[in-house]
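Listed here are the chains, written in short residue letters.
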Amino acid sequence: MSEQGKIGVIVVAGGKGLRLQRHADDMPKQYRVLGGKTILERTLFGFLALDFIDYVLPVIGVDHREMFSALALSHPKLLSCVIGGGERQESCFLGLQALEKAGIERVLIHDGARPFVEKKLVLRVCRALENHDGALPVLPVTDTIKQSEDGKTILATMNRSELWAAQTPQGFQYKKILAAHRKARKLAQGLTDDAAVAEWANMDVILVKGDERAFKITTNSDFLRAETMLNGENQMEPRVGSGMDIHRFEPGDKVRLGGVDIPHSAKLKGHSDADAALHVLTDALLGALAEGDIGTHFPPSEAKWKGEPSETFLTFAANRVQERGGRIVHLDLTINCEAPKIGPVSKQIKDNIARICDMSASRVSVKATTSEKLGFVGRSEGLMTLGTATIELPRGDD
Ligand code: MG
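The rules behind each value
- Residues numbered from 1 in each chain as written.
- Predicted model: local features only at pLDDT ≥ 70, side-chain atom pairs only at ≥ 80, totals over all residues.
- Heavy atoms only, no water.
- Helix = DSSP H or I, 4+ residues; strand = E, 2+ residues; numbered from the N terminus.
- Rg over C-alpha atoms; globule rule 2.2 N^0.38 Å.
- Buried < 20%, exposed > 50% of the residue type's maximum accessible area, 1.4 Å probe, protein only.
- Contact = heavy atoms within 4.5 Å.
- Areas by Shrake-Rupley, 256 points an atom, 1.4 Å probe, with all protein chains shown as cover.
- Lys, Arg positive; Asp, Glu negative; His and termini not counted.
- Charge placed at Lys NZ, Arg CZ, Asp CG, Glu CD.
- Expected span 1.5 Å × (residues − 1).
- Arc of directions from axis to C-beta.
- Pairing = 2+ DSSP bridges.
- Axes fitted to C-alpha atoms, helices over the stretch in contact; angles between N-to-C directions.
- Domains from an automatic or database assignment.
- Parallel < 35°, antiparallel > 145°, perpendicular 65-115°, else oblique.
- Left-handed = near helix turned anticlockwise from the far one by under 90°.
- Nonpolar A, V, L, I, M, F, W, Y, C, P; charged D, E, K, R; others polar.
- Donors = N, O, S within 2.8 Å, 3.2 Å for Na, K, Ca; no water.
- Phe/Tyr/Trp six-rings, centres within 6.5 Å; stacked < 30°, edge-to-face > 60°.

1. Description of the overall build of the chain
Helix and strand content of the chain: 12 helices and 19 strands. By the compact-globule yardstick of 21 Å for 398 residues, the chain is too spread out, its C-alpha radius of gyration being 29 Å. Structurally, the chain occupies a C-alpha span of about 90 × 45 × 45 Å along its principal axes. By residue count, 49% of the 398 residues in the chain fall in the buried class. Contacts spanning at least 24 positions in sequence make up 71% of the contacts within the chain whose residues lie at least 6 apart. For the chain, the accessible surface area stands at approximately 20000 Å², while carbon and sulfur atoms represent 50% of it. The average position of the 51 basic charges and that of the 52 acidic charges among the side chains of the chain differ by 1 Å.

Below is the structure:
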């Protein structure tokens, strides 16, 4: 993406949203709170979170200045808001003009009332701009569309296969859409979206696949749908990671597993404290996050990890889950050895893991098995651990 120059996003949020009102004095829909944040904040931060977006510019309604500043938004990529005009076309033009000094090559124009910013959809639009002046996300129209002038008598039934519903973000080569808007401002008012401006200016605009989730909140039932989406299963998605670890026994008098020192006729060999139980869960968590493995983050070649308590590694992995906005749902550990006996200390191991990962012990499983005297484990040359981590991460966290 980056070799193509900077990308700016204009979020148009000037509308009064009269269709979404519960009370006569209701506020504009962009400022309605949806799952703890205003719809507008969700929209803006949806773009601010995308690494390939360089600037986000809100265009707000002239009467909304106080409401907007009360949000006290701050982000390095968020530009100072621009006050829009009476019509959407004018608001977009003012936004485009305000971006003139930002040095962007491509611009995306988005409705402030579409709070579900889908990364894949945004990428489709941006990629289409590699070969076209503009890109418009669309969805096929599923209802049969009737044409009527008075809302009573039918003039015609439209051919549905030729109809597409336009969504946003609509993407454009910045200089071309700015020039088109400038011209349209003098010659063609009342164009309902930017693709219409581009079309009017004979720009080459390609249709790309839209996304059902990128819907616009217009009516109360749209708002309820958005609330359901946020509260429901779509918000988080499960990820599962697995781990496997083997350590050799060497002369010693205790084995450390799950942070517990178990008296034994040998100890485990390793660069750190060789706690194969904590190592394997660290790897399982890093696997669920798809963030490498324990060796990537704590290379055995680095002297500073020598003798390090393995709690450090597991704490790191558990914190990464938290930093990604996720949570650990379940950890399952299997220790495979002939000796020492794990049963008597399994509760202690379980409680330790739960404490380190800041989760309930009822979500930690510790199991043990022997190898029936077979193989390296059976000969007591070493032991093996297996781990599975089930976590939840926010949907779209990639
Ligand atoms: Mg290890």
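2. Focus: helix H5 (residues 174-187)
Each α-helix winds once per 3.6 residues, and so residues spaced three or four apart point in a common direction. With 14 residues, H5 extends 20 Å between its outermost C-alpha atoms, agreeing within 8% with the 20 Å of an ideal straight helix rising 1.5 Å per residue. Those residues of H5 lying buried are Tyr174, Ile177, Leu178, Ala180, His181 and Ala184. The arc enclosing the buried residues of H5, seen along the axis, measures out at 160 degrees, which places them on a common side. Exposed side chains of H5 directed beyond 90 degrees from the buried face belong to Lys175, Lys186 and Leu187.

3. Topic: the sheet that holds strand E17 (residues 327-336)
Spatial strand order, E16-E13-E19-E17-E18: 5 strands in an open sheet with mixed pairing. Looking at strand neighbours, the two that pair on one side only are strand E16 (266-268) and strand E18 (364-369), the edges of this open sheet. On average, each strand axis in the sheet is tilted by 20 degrees relative to the strand beside it, whichever way the strands run. By the bridge criterion, 13 bridges tie strand E13 (residues 236-251) to strand E19 (residues 382-394) in an arrangement that is antiparallel. When the bridges of E19 are listed, Met236 appears paired with Pro394. On the sheet, helix H11 (residues 346-357) packs against E17 and E18 and is oriented at approximately 145 degrees with respect to E18.

4. As for the domain arrangement of the chain
How large an interface is tends to be reported as the accessible area lost when its parts come together. The domain boundaries assigned to the chain delineate domain 1 (2-231) and domain 2 (236-394). The gap between the C-alpha centroids of domain 1 and domain 2 is 48 Å.

5. Some points on the packing of helix H3 (residues 88-98) against H5
Where H3 meets H5, the axes come as close as 10 Å, and the angle between the chain directions of the two elements is 135 degrees. Accordingly, the angle class assigned to the pair H3 and H5 is oblique. Viewed along their axes, H3 and H5 form a crossing whose handedness is left-handed. Across the interface between the two elements, Gln89, Glu90, Cys92, Phe93, Leu96 and Gln97 of H3 pack against Tyr174, Ile177, Leu178, His181, Arg182, Ala184 and Arg185 of H5. In the contact of H3 with H5, the residues fall into 7 nonpolar, 3 polar and 3 charged.

6. What about the coordination of the magnesium ion?
Protein coordination of the magnesium ion is provided by Asp245 (OD), Asp245 (OD), His247 (NE2) and His279 (ND1), with donor distances spanning 2.2 to 2.8 Å. Of the residues examined, Asp245 reaches a relative accessible area of 15% and is grouped as buried. For His247, a relative accessible area of 10% gives the class buried.

7. Overview of the pairing of strand E15 (residues 260-263)
Here E15 shows one buried face, formed by Val260 and Ile262, and one open face, formed by Asp261 and Pro263. Judged from the 4 bridges that link them, strand E14 (residues 254-257) and E15 form a sheet pairing that is antiparallel. Within E15, the position partnered with Arg256 by the bridge is Asp261.

8. Some details on the environment of Ala361
Among the structural elements, Ala361 can be located in the loop between H11 and E18. Put simply, Ala361 and Ile10 are 351 residues apart on the chain and 47 Å apart in space, counted from C-alpha to C-alpha. Not counting chain neighbours up to four residues away, the residues in contact with Ala361 comprise Lys350, Asp351 and Ala354.

9. What to know about the packing of aromatic side chains
Summed over the entire model, instances satisfying the criterion amount to 5 aromatic pairs. Relative to Trp305, the ring of Phe298 lies with its centre 4.8 Å away and its plane at 85 degrees, an arrangement referred to as edge-to-face. Across the pair, exposure class does not vary: Phe298 and Trp305 are buried alike. Each ring, one from Phe298 and one from Phe313, has its centre 4.6 Å from the other, and the planes form 45 degrees; the classification is tilted. With Phe298 in the loop between helix H9 (294-297) and helix H10 (311-323) and Phe313 in helix H10, this residue pair connects regions lying 15 residues apart in the sequence. A relative accessible area of 10% means that Phe298 is categorised as buried. Among the aromatic side chains, those forming a connected cluster through ring pairs are Phe298, Trp305, Phe313 and Phe316.

10. Some words on helix H7 (residues 220-231)
For H7, spanning 12 residues, the distance from its first C-alpha to its last is 16 Å, which sits close to the expected 16 Å at 1.5 Å a residue. When H7 is considered as a whole, its buried residues turn out to be Asp222, Phe223, Ala226, Met229 and Leu230. Looking down the long axis of H7, one finds its buried residues gathered within 120 degrees of arc, a one-sided arrangement. Away from its buried face, by an angle of more than 90 degrees, H7 presents the exposed residues Thr228 and Asn231.

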